[in-house]
Structures are given as C-alpha cells and as structure tokens.
Amino acid sequence: MMSKNIRTAIVTGGAQGIGKNTAIVLLNKGYNVVVADRDMEAGNELVSELQNSKNLLFCKTDVSREEDVKKLVNTALEKFGTIDVLINNAAIGINKPVTELTLGEWNSVIGTNLTGAFLCTKYAAPYLKIANGAVVNICSTRALMSEKETEAYSASKGGILALTHALAVSLGPEIRVNAISPGWIDVSQIKKQSAIEEVELSEEDHSQHPAGRVGKADDISSMILFLIDPANSFITGQNFVIDGGMTKKMIYV
C-alpha cells in the first residue's frame, strides 16, 4: 500500500481516447491512477507505454458487471490505500435504426454507459466520502441534441446528466459530483496500435465550430483537473459543455 498523501484517481474506460489522455495527465500531476478498461490489449499497451509506472495500475474491468466493479474498488484500495477521485468515462455506442436495434444492444449500451457510472460511484462512494473526493461523469452533447440513429447512446448520456445532479445532492457535501459534455473531440490517435486511425480533418471541420477548431482530448482533461481540485469546492451538480460552441450555433439549411 502506498502513502495516502498521494491522491488516487480511478479512470474508467481509461486505456484509450479521452480516458487514456486523462490518465496520463493525472499521472503527470502526481496522482496514483487506476485505469479500468475491459480491453486488455489496450490496457497492456498503456502500461508498457508508461514503462510500468509505479503510480499506474491497470485493472481489467467491465463496468456493467457488479462483481467487476467491486473488484476494481478493492484492488485500488489494496494498491494505493485511498480513492479520492472517480472519473466515469467508460462508454460504448451502437448506432443503427431504432427498428433494428435489439434489446440486447440497447441493454449493452445502457449497462456500460449509465449503469456502469452508477455502480462505480456506489462502491467508491464510502471511500470518496472519507477523502472529501470528487466524481466527474463524462456525459456528451448527445444528452442535449441528437444525430439520427443514436437512441441508445443519447438515452444513456441523458441518464448520466440526471444521475449527476441526483448524486450531487445525495452525496454532498463530502463528495462533489459534476459532468462534462464533450462535443467533437478528435481521439483518432489516442488508441491502441491496432485501432489508430489516420483522420484528416478539413478546414470545414474546424471552421464550423465557433471556437475555430475541432476539440482535443486535452480540452476535456483540463476541465477534469479544474473540477477535481479541492480549491473549487463550491462547484457541484453541474454539467460543463465543451464543444467549441456548437450547441449554441443556430444552423439553417
């Protein structure tokens, strides 16, 4: 068990994308980081990439499975002795016409994206309370607006939005709970080697955003750092939209 003077964060879905970027940023800020991900290949690559950092622990976890989540929390405590921060980032999407979306596919998305956040918070809460800790739920602008054939994903993220303010009321004042809703964030290069994509963003891709560019993973991790900082203890139950201004833009065809 390591010193409790070092804060410990659990990052779900932390082996790729926004989660991986967040895990690396937290490590660089001196945190112990427990990365929970069901993708063993991606998790092993992350550990190797960071040269087996003593402050990093990868725990193969399917957040939709209660036993996996219990094991995750217990493993984090055994390794680092404390849980100060929980980043509920794990998410999947299955986009297809609603008439073709199976109940199993619907349940899979809801189970990972929404139930997973519930389970992780439920089992981490007693230890977050001791630490006066913080939870950040990664929501989405899809909780507020939609593209076609995203019913399961959008519903799960709408649930995250409601879960966030409910948890903030129930768990406060010891634990603060906030959400971040990213817009278009380019994570094409923050993936395991077998899944890295060569995505060429066009000038139109960038210019359609009032901020003038597509988002980067650092845009989200910067807000996470802000929200988990104990200095910002008056912020809870909120949703922070980080989308380059797109949800405020009126679009006429």
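Please refer to the structure higher up on the page.
Source: prediction; values computed, not measured.

## Concerning the overall build of the protein chain
Secondary structure assignment for the protein chain yields seven helices and nine strands. Its C-alpha atoms give the protein chain a radius of gyration of 18 Å, near enough to 18 Å, the size a compact globule of 253 residues would have. In terms of overall dimensions, the protein chain has C-alpha extents of about 60 × 40 × 40 Å along its principal axes. When each of the 253 residues of the protein chain is scored for burial, the buried share is 47%. The long-range fraction of contacts in the protein chain, counting pairs at least 24 apart against all pairs at least 6 apart in sequence, stands at 72%. Put simply, the protein chain shows about 12,500 Å² of open surface, and 52% of that area lies on carbon and sulfur atoms.

## Quick notes on helix α7 (residues 217-228)
Since there are 3.6 residues in each turn of an α-helix, residues three or four apart along the chain are aligned in direction. Between the first and last C-alpha of α7 there are 17 Å, a value that for twelve residues agrees with the 16 Å anticipated at 1.5 Å per step. Among all positions in α7, only Ala217, Ile220, Ser221, Met223, Ile224, Leu227 and Ile228 are buried. Projected down its long axis, α7 shows its buried positions confined to an angular sector of 160 degrees, all on one face.

## A closer look at unusual backbone geometry
With an omega of 5 degrees, the peptide bond running from Gly172 to Pro173 counts as cis. In this structure, Pro173 sits in the loop between α5 (151-171) and β6 (176-182). Notably, Asn132 is not glycine yet its phi reads approximately 50 degrees, a positive angle. Its relative accessible area of 51% is what places Asn132 among the exposed residues. Unlike most non-glycine residues, Glu149 shows phi in positive territory, near 65 degrees. Its place among the elements puts Glu149 in the loop between β5 (134-138) and α5. Overall, Glu149 belongs to the partly exposed group, its relative accessible area being 32%.

## Looking at a nonpolar patch on the surface
Nonpolar side chains collect at one region of the surface, where Leu144, Met145 and Val241 lie side by side and expose about 230 Å² of accessible area between them. Looking at the secondary structure, you find Met145 in the loop between β5 and α5.

## A closer look at the environment of Gly244
In this structure, Gly244 sits in the segment after β9 (239-242). Sequence separation between Gly244 and Ile190 is 54 residues; the distance between their C-alpha atoms is 20 Å. Non-local contacts of Gly244, meaning those with residues more than four positions away in its chain, are made with His209, Pro210 and Ala211.

Rules used throughout
Residues numbered from 1 in each chain as written. Predicted model: local features only at pLDDT ≥ 70, side-chain atom pairs only at ≥ 80, totals over all residues. Heavy atoms only, no water. Helix = DSSP H or I, 4+ residues; strand = E, 2+ residues; numbered from the N terminus. Rg over C-alpha atoms; globule rule 2.2 N^0.38 Å. Buried < 20%, exposed > 50% of the residue type's maximum accessible area, 1.4 Å probe, protein only. Contact = heavy atoms within 4.5 Å. Areas by Shrake-Rupley, 256 points an atom, 1.4 Å probe, with all protein chains shown as cover. Expected span 1.5 Å × (residues − 1). Arc of directions from axis to C-beta. Patch = residues over 30% accessible without salt bridge, like charges linked within 9 Å, V, L, I, M, F, W, Y side chains within 5 Å. Salt bridge = Lys/Arg side-chain N within 4 Å of Asp/Glu carboxyl O.

Just distances and angles here, no functional claims.
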